[in-house]
Amino acid sequence: MLHKAVIDRIVDGDHAVLLIGDDEVERIIPVSQLPDGASPGSWLSVEIEDDDHITSITVDHEETGRAQARIADKMNKLRKRGRRLGE
């Protein structure tokens, strides 16, 4: 079954913490299993079989771009709000 996941963080340079699905189930995998170009904040398509075994992981570039755009928009709004409050 195919799931969306995000790389939450890299621990000790050796392990990646993934948050999988709408429930954000935490899963720790070796960094060596990540596809090239994947980093914290990258969105992934993760195929899981038998409710436990990850069979493939690919970077979802479109979802990653959308998330980055949402974050940039929120940061811009916060900066504008901070300038108004600091005037």
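Residues numbered from 1 in each chain as written. Predicted model: local features only at pLDDT ≥ 70, side-chain atom pairs only at ≥ 80, totals over all residues. Heavy atoms only, no water.

## Re the overall build of the protein
If you tally the helices and strands in the protein, you get one helix and five strands. Of the regular secondary structure in the protein, the N- to C-terminal order runs β-β-β-β-β-α. The C-alpha radius of gyration computed for the protein amounts to 16 Å, which surpasses the reference 12 Å derived for 87 residues by more than 25%, pointing to a less compact arrangement than a globule. Its C-alpha atoms give the protein principal-axis dimensions of about 55 × 30 × 25 Å. In the protein, buried positions account for 26% of the 87 residues. In the protein, once contacts between residues fewer than 6 apart in sequence are set aside, the share between residues at least 24 apart is 36%. Summed over its atoms, the accessible surface of the protein is roughly 6,400 Å², and 48% of this surface lies on carbon and sulfur atoms. Between the centroid of the 12 positive side chains of the protein and the centroid of its 18 negative side chains there is a distance of 17 Å. (Helix = DSSP H or I, 4+ residues; strand = E, 2+ residues; numbered from the N terminus. Rg over C-alpha atoms; globule rule 2.2 N^0.38 Å. Buried < 20%, exposed > 50% of the residue type's maximum accessible area, 1.4 Å probe, protein only. Contact = heavy atoms within 4.5 Å. Areas by Shrake-Rupley, 256 points an atom, 1.4 Å probe, with all protein chains shown as cover. Lys, Arg positive; Asp, Glu negative; His and termini not counted. Charge placed at Lys NZ, Arg CZ, Asp CG, Glu CD.)

## Overview of a nonpolar patch on the surface
A surface patch of nonpolar side chains, about 290 Å² in accessible area, is lined by Ile71, Met75 and Leu78. Mapping methionine 75 onto the fold places it in helix H1 (residues 61-86). Owing to a relative accessible area of 38%, methionine 75 belongs among the partly exposed residues under this scheme. (Patch = residues over 30% accessible without salt bridge, like charges linked within 9 Å, V, L, I, M, F, W, Y side chains within 5 Å. Salt bridge = Lys/Arg side-chain N within 4 Å of Asp/Glu carboxyl O.)

## Observations regarding a negative patch on the surface
Taken together, the side chains of Glu47, Glu49, Asp50 and Asp51 make up a negatively charged region of the molecular surface. Its location among the elements puts glutamate 47 in strand S4 (residues 43-49).

## Quick notes on the nonpolar core
Leu18, Ile29, Leu34, Leu44 and Val46 are the most contacted members of the largest nonpolar core, which has 14 residues in total. Those elements that place two or more of their residues in this core are strand S1 (2-11), strand S2 (15-20), S4 and strand S5 (53-59). (Core = buried A, V, L, I, M, F, W, Y, C linked by side-chain atoms within 4.5 Å.)

## A word on the confidence of the model for the protein
Confidence along the protein averages 91 in pLDDT terms, with 95% of residues attaining 70 or more. Mean pLDDT values for the elements of the protein range from 86 in H1 up to 97 in S2. (pLDDT = per-residue confidence, 0-100.)

## Comments concerning the environment of arginine 83
Assignment of secondary structure puts arginine 83 in helix H1. On the basis of relative accessibility, which here comes to 53%, the residue arginine 83 falls in the exposed class. Separated by 18 residues in the primary sequence, arginine 83 and glycine 65 place their C-alpha atoms 27 Å from one another.

## Things to note about the pattern of salt bridges
Two side chains of opposite charge can pair, provided their charged atoms sit close to one another. With the rule as written, the count across this model stands at nine salt bridges. Ionic pairing is found between arginine 70 and glutamate 63, a salt bridge with its closest N-O pair at 4.0 Å. The exposure class of arginine 70 is partly exposed, given its relative accessible area of 42%. Look at the salt bridges and you will find they share partners, linking Lys4, Asp60, Glu62, Glu63, Arg66 and Arg70 into a network.

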